[in-house]
Amino acid sequence: MTARTQRTRLLTACAVLASASLALTACGSSGSDSGSGSSGSASVSTVTADPALAALVPADIKSSGKLVVGSDASYAPNEFQDDKGTIVGMDVDLANAVAARLGLKAEVQNAGFTAIIPGIGANKYQLGMSSFTDTKEREQTVDMVTYFTAGTASAVKKGNPDKISADDLCGKKIAVQTGTTQADAIVDVINPACTKAGKPTVPNDGDKFDLQTDVTNAVVSGRNQVMMADSPVIDYAIKQTNGQLEKLGETTDSAPYGIALAKGSALAPAVQKAVQSLIDDGTYKQILQKWGVEAGAVDKSQLNAAVS
């Protein structure tokens, strides 16, 4: 699930975090595969169908009247459950808007992150919208429609009591979500560089949790020293913990998020054009502003545009 790049020189442990996300940014999360739900949003309630785009929708999907979307609802603010159990978030609002533009209704279902792409292959979902990075590796299995950019970021307890440097995470207790590119970064980049530098590695290749909320709580409680996740998720966690966390270093190396669809699906061009139309008419910007993630906005949606 990660993008991996060849490096011409071995990174030193002191440069691990800054470089690790070059190929390992923005992945999504792992969560419970039980339960499902759908959601709507006032911000997209006025989105109307475009007949030309609706005409691009395959007949079987058009006749069903809906797009079934797999999303791991544990990755706030992109996709999560509110206090009523409704699935909400930036990705959910965008899914609803894309469906409306295509003359359909989105049915967003909660799914384990690692189960979404296989579910697309099994025709369980038409779309996967769960903070997936568009990578060349993923494009071998699914088509990806880009719609956002995010980088990797980290956070520590307020005041950084352990005096951790963003440039040296060797030996630190790091919390990550299972199945994320940040989890893979520890195994593939950070720990090998620490070993090469003669420094202790991250214990157990990171402390892995199924839910992003548990990752956050692990740092707030002091169980772990650092958390790594996609940049909008770290920013949101800092806000939601009311000052108990602070960002460590800077967001590094942004990469595109992609909507995942079945490989070769005739639906992919329709979704890409729908996303672009939402960008062009301002709906997209309104959704991102609603969730405070407008820093990741793009002005062009592309199909299979991974660079690594």
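Above: the structure in question.
Residues numbered from 1 in each chain as written. Predicted model: local features only at pLDDT ≥ 70, side-chain atom pairs only at ≥ 80, totals over all residues. Heavy atoms only, no water.

With respect to the packing of helix α4 (residues 90-101) against helix α10 (residues 267-281)
Defined as follows: Each axis is a line fitted through C-alpha atoms, and for a helix only the stretch in contact is used; angles between axes span 0 to 180 degrees, taken between their N-to-C directions. Counting from the N terminus, the helices are the DSSP runs of H or I reaching at least four residues and the strands are the DSSP runs of E reaching at least two. Small angles under 35 degrees read as roughly parallel and large ones over 145 as roughly antiparallel, with 65 to 115 read as roughly perpendicular and the rest as oblique. Note on contacts: a residue pair qualifies if any of its non-hydrogen atoms lie within 4.5 Å across the two residues. The residue classification treats Ala, Val, Leu, Ile, Met, Phe, Trp, Tyr, Cys and Pro as nonpolar and Asp, Glu, Lys and Arg as charged. All others, Gly included, are polar.
Two numbers describe how α4 lies on α10: the axes approach to 9 Å, and their chain directions differ by 105°. If you check the angle between α4 and α10, you find them roughly perpendicular. Counted together, Ala97, Val98 and Arg101 of α4 and Val271, Ala274, Val275, Ser277, Leu278 and Asp281 of α10 form the full contact between these two elements. Here the contact of α4 with α10 is built from residues that sort into six nonpolar, one polar and two charged.

Regarding the pattern of salt bridges
Inclusion rule: A pair is scored as a salt bridge if a Lys or Arg side-chain nitrogen falls within 4 Å of a carboxyl oxygen belonging to Asp or Glu. Exposed residues in this analysis have more than 50% of their type's maximum accessible area, buried residues have under 20%, and partly exposed residues fall in between, with area computed by a 1.4 Å probe over protein chains only.
What the rule picks out here adds up to seven salt bridges. The residue Lys199 makes a salt bridge to Asp168 at a minimum N-O spacing of 2.8 Å. Within this pair, whereas Lys199 is found in the loop between α7 (181-196) and β9 (207-209), its partner Asp168 is found in the loop between β7 (142-157) and β8 (174-177), the two being separated by 31 residues in sequence. A residue is classified by how much of its surface remains accessible, and Lys199, at 30% relative accessible area, is partly exposed. Where Asp235 meets Lys247, a salt bridge forms, and the shortest distance between an N and an O atom there is 3.8 Å. Residue Asp235 is found in helix α9 (residues 231-240), and its partner Lys247 is found in strand β11 (residues 245-262); the two are separated by 12 residues along the sequence. When its relative accessible area of 33% is taken as the criterion, Asp235 is described as partly exposed.

So, the state of the cysteines
Note on terminology: a disulfide is the covalent bond linking the sulfur atoms of two cysteines. Rules: Only a pair of cysteine sulfur atoms within 2.5 Å counts as a disulfide in this structure description.
Taken as a whole, this structure holds one disulfide when the rule is applied. Here Cys170 engages in a disulfide with Cys194; their sulfurs sit 2.0 Å apart. Measuring handedness by torsion sign, the sulfur bridge of Cys170 and Cys194 sits at about -90° and is left-handed. With a gap of 24 residues between them, Cys170 in the loop between β7 and β8 and Cys194 in helix α7 connect regions that are remote in the sequence. As far as the burial class goes, Cys170 and Cys194 line up, both buried.

Some details on the environment of Ile279
Topologically, Ile279 is positioned in helix α10. Taking the C-alpha atoms as reference points, Ile279 and Asp299, 20 residues apart in sequence, are found 6.5 Å from one another. With residues near it in sequence (within four places) discarded, Ile279 still touches Tyr284, Val298, Asp299, Lys300 and Ser301.

Things to note about the nonpolar core
Condition: What we call a nonpolar core is a set of buried Ala, Val, Leu, Ile, Met, Phe, Trp, Tyr and Cys residues that are connected through their side-chain atoms within 4.5 Å.
Membership of the largest hydrophobic core comes to 47 residues, with the highest contact counts inside it found for Met90, Leu102 and Val271. Contact partners of Leu102, with chain neighbours within four places excluded, come to Leu53, Ala54, Val57, Leu67, Ala270, Val271 and Ala274. By size, the runner-up hydrophobic cluster in this structure holds 16 residues, among which are Met227, Ile234, Ala237 and Leu245.

Some details on the sheet that holds strand β4 (residues 87-88)
Worth spelling out the cut-off: Two strands are counted as paired when DSSP detects at least two bridges linking them.
One open sheet accounts for three strands, arranged β2-β3-β4; its pairing is antiparallel. Two strands lie at the open edges of the sheet, namely β2 (74-75) and β4, each paired on one side alone. Where strand β3 (residues 79-81) meets β4, two bridges bridge the pair, whose relative direction is antiparallel. Paired with Gln81 across the two strands is Ile87, which belongs to β4.

A short note on the pairing of strand β10 (residues 226-230)
Of all five residues making up β10, five are buried, and the element is well covered by its neighbours. Pairing analysis gives four bridges linking β7 to β10, with the strands arranged antiparallel. By the bridge assignment for β10, Ala153 is matched with Ala229. The pairing of β8 with β10 spans two bridges and is parallel. Looking at the pairing, Ile174 lines up with Val226 of β10.

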